[in-house]
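Secondary and tertiary structure notes
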Amino acid sequence: QQQVKQSPQSLIVQKGGISIINCAYENTAFDYFPWYQQFPGKGPALLIAIRPDVSEKKEGRFTISFNKSAKQFSLHIMDSQPGDSATYFCAARVTGGGNKLTFGTGTQLKVEL
Amino acid sequence: GAVVSQHPSWVICKSGTSVKIECRSLDFQATTMFWYRQFPKQSLMLMATSNEGSKATYEQGVEKDKFLINHASLTLSTLTVTSAHPEDSSFYICSAGLAGLTGELFFGEGSRLTVL
């Protein structure tokens, strides 16, 4: 059972454009929503994370928008750069589940010149 | 930030042999570490939760006798793929978080296993 649904599967954006990746969840016990960036052959790296008590969090060019009622959250990459080309995973953590994360299916982003 | 190191980063072995992958938290202690498996262009699949000083907790469908996990100290967890076969070829990734802090996980660089 896929508890975190992620879309799109792949995304091509022009340099300078905005990349938007969406995730939806079902389990209302999730209380922490991180986004990870993964380059080929490397482990995922934490990009930005949000908790459900806020609707938006911004760090540099990366913004998470969170809609608790819709059980959706999204990653926005402003002024996308070729170096942002990577696979992005959203994830969610269950309350009381320690650090155990449930990952989305991933989005392969390509930023073209 | 916290660093998690994996070794080896890649390994090739013959079918039937066993392979050990190490996961170390370099600048923090981790009572819990996680082992994931990732196939090409797919998401991370949690295999097991490694608990310091006790038995690992395996996810449904993961063979505990196939994937032996040992968490002997607060900074080291090992995954041993026993009697490896070509279908075990994959990218194995470990992660760890700060003891007492829930939420932020740090991932290792991954270990690419190829079984011939």
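Before reading further, recall that the structure is shown in the block above.
Residues numbered from 1 in each chain as written. Chains lettered and ligands numbered in written order. Predicted model: local features only at pLDDT ≥ 70, side-chain atom pairs only at ≥ 80, totals over all residues. Heavy atoms only, no water.

All right, on to the packing of aromatic side chains then. Residue and element names in this part refer to chain A. Throughout the structure, instances matching the rule amount to 17 aromatic pairs over all chains. Between Y25 and F30, the ring centres sit 6.0 Å apart and the planes meet at 65°, which makes this aromatic pair edge-to-face. As far as the burial class goes, Y25 and F30 line up, both buried. Plain terms: the ring middles of Y25 and F66 are 6.2 Å apart, the flat faces sit at 20° to each other, and that makes the pair stacked. One end of the pair, Y25, is in strand β3 (residues 19-25); the other, F66, is in strand β7 (residues 62-67), and 41 residues separate them in sequence. Look at Y25 and you get buried, because its relative accessible area is 6%. Given a relative accessible area of 7%, F66 falls into the buried group. By way of ring pairs, the aromatic residues Y25, F30, F33, W35, F66 and F73 are connected into one cluster. (Phe/Tyr/Trp six-rings, centres within 6.5 Å; stacked < 30°, edge-to-face > 60°. Buried < 20%, exposed > 50% of the residue type's maximum accessible area, 1.4 Å probe, protein only. Helix = DSSP H or I, 4+ residues; strand = E, 2+ residues; numbered from the N terminus.)

It is worth spelling out the state of the cysteines at this point. This structure, assessed with the given rule, holds 2 disulfides over all chains. C23 of chain A shares a disulfide with C90 of chain A; S-S distance 1.9 Å. Here the S-S torsion is close to -95°, and the disulfide linking C23 of chain A with C90 of chain A is therefore left-handed. A residue pair is termed long-range when its members are at least 10 positions apart, and C23 of chain A in strand β3 and C90 of chain A in strand β9 (residues 86-94) qualify at 67 residues. One exposure class covers both C23 of chain A and C90 of chain A, and it is buried. Each sulfur of the disulfide joining C23 of chain B and C94 of chain B lies 2.0 Å from the other. (Disulfide = S-S within 2.5 Å.)

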